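An overview of the molecular structure
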Amino acid sequence: MKNIRFIAIAGVIIVMVILSALFQVDQTQQALVLQLGKPIRVITEPGLNYKLPLLQQVMFFDRRLLVYDAAPAEIVTSDKKNLVVDNYAKWRIVDPLKFYQTVKNITGAQSRLADIIYSEFRVELGKETLNDIVSKVRTRIMETVTVNSNKAAADYGIEVMDVRVKRADLPVENERHVFSRMQAERQRQAKKYRSEGEEEAIKIRSQAEKERTILLAEAYRKSQEVRGEGEQKAIAVYAQAFQQDENFYNFYRSLQAYEKALVDKSTLVLGSGNEFFRFMNKAD
Amino acid sequence: MPWEYNGKDKSGGGTGLQPPDLEAVIKKIKQRFGGKFPTKFPGGIGVVLLFLFIGWFATGFYIVGPDEQGVVQRFGKVVYTTNPGPHWHMPTPVETVLKPRVTQVKRLEIGFRSTSQATPSRYQAVPHESLMLTGDENIVDAQFIVQYLIKDPVNYLFNVADQEKTVRDAAEASMREVIGKSVIDEVLTVGKFKIQQEMKTLLQIILDRYQVGAAVVAVQLQDVHPPKAVIEAFKDVASAKENKIKLINESQGYQNDILPKAKGKATQMINQAMASKSEMINIAQGDAARFLSNLRGYKQAPSVTRKRMYLETMEKVLAKVDKIIIDQKVQQNLLPLLPIDPFRFKEQSAK
């Protein structure tokens, strides 16, 4: 009975010792084994590991890609404009020993990264104009800052994998200027459209009126020409007929004229000596 | 007290938790230890341990849902992945399983947040995310959503900390990069589709570089408009454009109104002239023919015909008109007394 109890207690103790010697490193982790505070082993592969119980401790570090999200900061560009840059960095712990010795933990690392990245950005953005930063050289700047930050961060066992500008916007007070400029630009455009409309309308109207006038004038000319031709021909016809006996024509045409001209409303005052009344005075 | 119950009634069989042969095993164990163990537990400590072991073993069973994939870790290290269906892994703490939903499309709202899922959905604008500079130093307000899913569960789960924030940050960065290369008019009008495509490509490149294990399904620009402060000016441009078109249309209407009328008028004038030409010629020819006929007749007896024609004409003429005939002898004296005004004369005669 005593033996069994002893064996049981011994068994429990052995199990506890074994358990405290084993530790598990997760897929997301890497570990540093310290022996009485002195780093002796770095474990970068996940899985089951062992250490000396009591004498050795384990510190775990993240193996994943971590994010450092900087607070938005104002930076002056080469054309003396202010730009609010909000960037983030993707980094990971590549050397847990160095990392532990220099910055201890993630909070420490982030404050170092803040210093490094901000100063790199200030240098790079200070070389460029605002417009270039926004549209042209953004990618190149991000790459340069990444490379330089990575070099600087290597001392801390950190790899800076990517620094990226999340936002590069104007400060609020400059934004207002941009708005008023945008407004002026649009007003200019609106005015342009309005007066262009009027211009086009006047052009079209006057063109139409011009065409109308020309059309009518041409028609008038043509109609007069036609009439003239008609008159010419009529005159020729008349002349040819009438010149055959001019005397008879005078008589004939006069009689026609009397008939036409002297209508109902006319009043004739005639002398009795008129040819027509020849026989009124005397019979023969 | 199911233990005691089963112990008493062995023939109960199938209804109990233990199959009959297990009972026999327990008996054997009991016999081997010679009844030294306390009899509080029927079957003794061995049975308890066995059941604990079976229970522990059973915790290794898991089902991967149709929208999931199983990722098995042995002592924290990823060893293999499993597809939908029932599976077994070595029980904790040796192996554990994670079951991310790989077919579920995740949705990120950038520049706005839905505040209620009900229809009509309500939105809350997030200006510091949506206002961005364009390449021509204007500002646009662009709201968009990003849809992505897990394409590599191992990478997604273990490569990157805070996956959603990673995608969100990369999305914001790439949107600004793309918009920064465009000009405002393009962004607001025709360039939407192009921007979506470019941004999707860029975002995927960034995510692949981070090895997030996420695939971008779609980038959709929800609402792109000028900032509130200048929206009126933009609307005014649109209405000015409309106004221009209106003015042009009106003047074209005017043109369409007067030109056909003028053409008609012109044709009318020419037709009238042609008609009058033809009329004049025909009248002349007719008159001439009549004259010549008269002349031919006249020439046969000029003197008589002349008299006849004169008298016939005068007869007709004088029959129609009012006439005053004054004797030759009084003519000289009377003439000054006559009322010359024909109108007054007519009035008097009418009375």
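Residues numbered from 1 in each chain as written. Chains lettered and ligands numbered in written order. Predicted model: local features only at pLDDT ≥ 70, side-chain atom pairs only at ≥ 80, totals over all residues.

Another aspect to go through is the overall build of chain A. A tally of regular secondary structure across chain A gives eight helices and ten strands. Contacts spanning at least 24 positions in sequence make up 67% of the contacts within chain A whose residues lie at least 6 apart. (Helix = DSSP H or I, 4+ residues; strand = E, 2+ residues; numbered from the N terminus. Contact = placed C-beta atoms within 7 Å.)

Before going further, it helps to spend a moment on the overall build of chain B. Across its full length, chain B carries twelve helices and twelve strands. For chain B, the proportion of contacts with a sequence separation of at least 24, taken over those separated by at least 6, is 62%.

With that settled, the discussion passes to the environment of Glu 109 of chain B. Residues and elements named next belong to chain B. The residue Glu 109 is located in strand S6 (residues 106–110) in this model. Taking the number of C-beta atoms within 10 Å as the measure of exposure, Glu 109 has 17 and is therefore partly exposed. Taking the C-alpha atoms as reference, Glu 109 lies 4.6 Å from Ile 145; in sequence the two are 36 residues apart. Ignoring sequence-local partners within four residues, the contact set of Glu 109 consists of Ser 114 and Ile 145. (Buried ≥ 20, exposed ≤ 12 C-beta atoms within 10 Å, placed from the backbone.)

The subject of this paragraph is helix H3 (residues 44–58) of chain B. The end-to-end C-alpha distance of H3 of chain B is 22 Å, a good match for the 21 Å that 15 residues give at a rise of 1.5 Å each. Little of H3 of chain B sits out of view: just zero of its 15 residues are buried. (Expected span 1.5 Å × (residues − 1).)

Residues and elements named next belong to chain B. The three strands lie next to each other as S3-S2-S5, forming an open sheet whose pairing is antiparallel. Each of the sheet's edge strands pairs with one partner strand only, and the pair in question is strand S3 (77–82) and strand S5 (95–98). Each strand axis lies, on average, 25° off the axis of its neighbour in the sheet, ignoring direction. Of the pairings in the sheet, the one linking strand S2 (residues 70–74) to S3 comprises five bridges and is antiparallel in character. Counterpart to Val 72 in the pairing with S3 is Tyr 80. (Pairing = 2+ DSSP bridges. Axes fitted to C-alpha atoms, helices over the stretch in contact; angles between N-to-C directions.)

At a minimum axis distance of 11 Å, the contact between helix H7 (residues 246–261) of chain A and helix H9 (residues 231–300) of chain B shows a crossing angle of 115°. Overall, the two elements H7 of chain A and H9 of chain B adopt an arrangement that is roughly perpendicular. Every pair of crossing elements has a handedness; the one defined by H7 of chain A and H9 of chain B is right-handed. Residues Phe 248, Tyr 249 and Tyr 252 of chain A of H7 of chain A pack against Phe 291, Asn 294, Leu 295 and Tyr 298 of chain B of H9 of chain B. Taken together, the residues that form the contact of H7 of chain A with H9 of chain B break down as six nonpolar, one polar and no charged. (Parallel < 35°, antiparallel > 145°, perpendicular 65-115°, else oblique. Left-handed = near helix turned anticlockwise from the far one by under 90°. Nonpolar A, V, L, I, M, F, W, Y, C, P; charged D, E, K, R; others polar.)

Next up on the list: the nonpolar core. Counting 66 residues, the largest nonpolar core has Leu 203 and Leu 207 of chain B as the members making the most contacts within it. Non-local contacts of Leu 203 of chain B, meaning those with residues more than four positions away in its chain, are made with Val 146, Ala 170, Ala 171, Ser 174, Val 216 and Val 219 of chain B. In this structure, Ala 190 and Tyr 193 of chain A together with Val 230 and Ala 233 of chain B belong to the second largest nonpolar core, which totals seven residues. (Core = buried A, V, L, I, M, F, W, Y, C linked by C-beta atoms within 7 Å.)

Residues and elements named next belong to chain B. Viewed as axis vectors pointing N to C, helix H6 (residues 163–180) and helix H8 (residues 192–210) meet at an angle of 135°, and their least axial separation amounts to 9 Å. Between H6 and H8, the angle is such that the two are oblique. Considering how the two elements wind past one another, H6 and H8 form a crossing that is right-handed. On the side of H6, the interface is formed by Thr 166, Val 167, Ala 170, Ala 171, Ser 174, Met 175, Glu 177, Val 178 and Ile 179, while H8 contributes Ile 195, Glu 198, Met 199, Leu 202, Leu 203, Ile 206, Leu 207 and Tyr 210.

All names here are of chain B. In the predicted model, chain B carries a mean pLDDT of 82, and the fraction of residues at 70 or more is 80%. Ignoring residues within four places in sequence, the model shows residues 1–19, a span with pLDDT below 50, making eleven contacts including any to other chains. Reported confidences for the modelled complex are a pTM of 0.67 and an ipTM of 0.71. (pLDDT = per-residue confidence, 0-100.)

Take the interface of chain A and chain B next. Taken together, the contact between chain A and chain B spans 87 residues of the former and 92 residues of the latter. Across the side of chain A that touches chain B, the residue classes break down as 41 nonpolar, 18 polar and 28 charged. Inspection of the sheet shows strand S10 (residues 267–271) of chain A paired to strand S12 (residues 322–326) of chain B by five bridges, in the parallel sense. Counterpart to Leu 270 of chain A in the pairing with S12 of chain B is Ile 325 of chain B.

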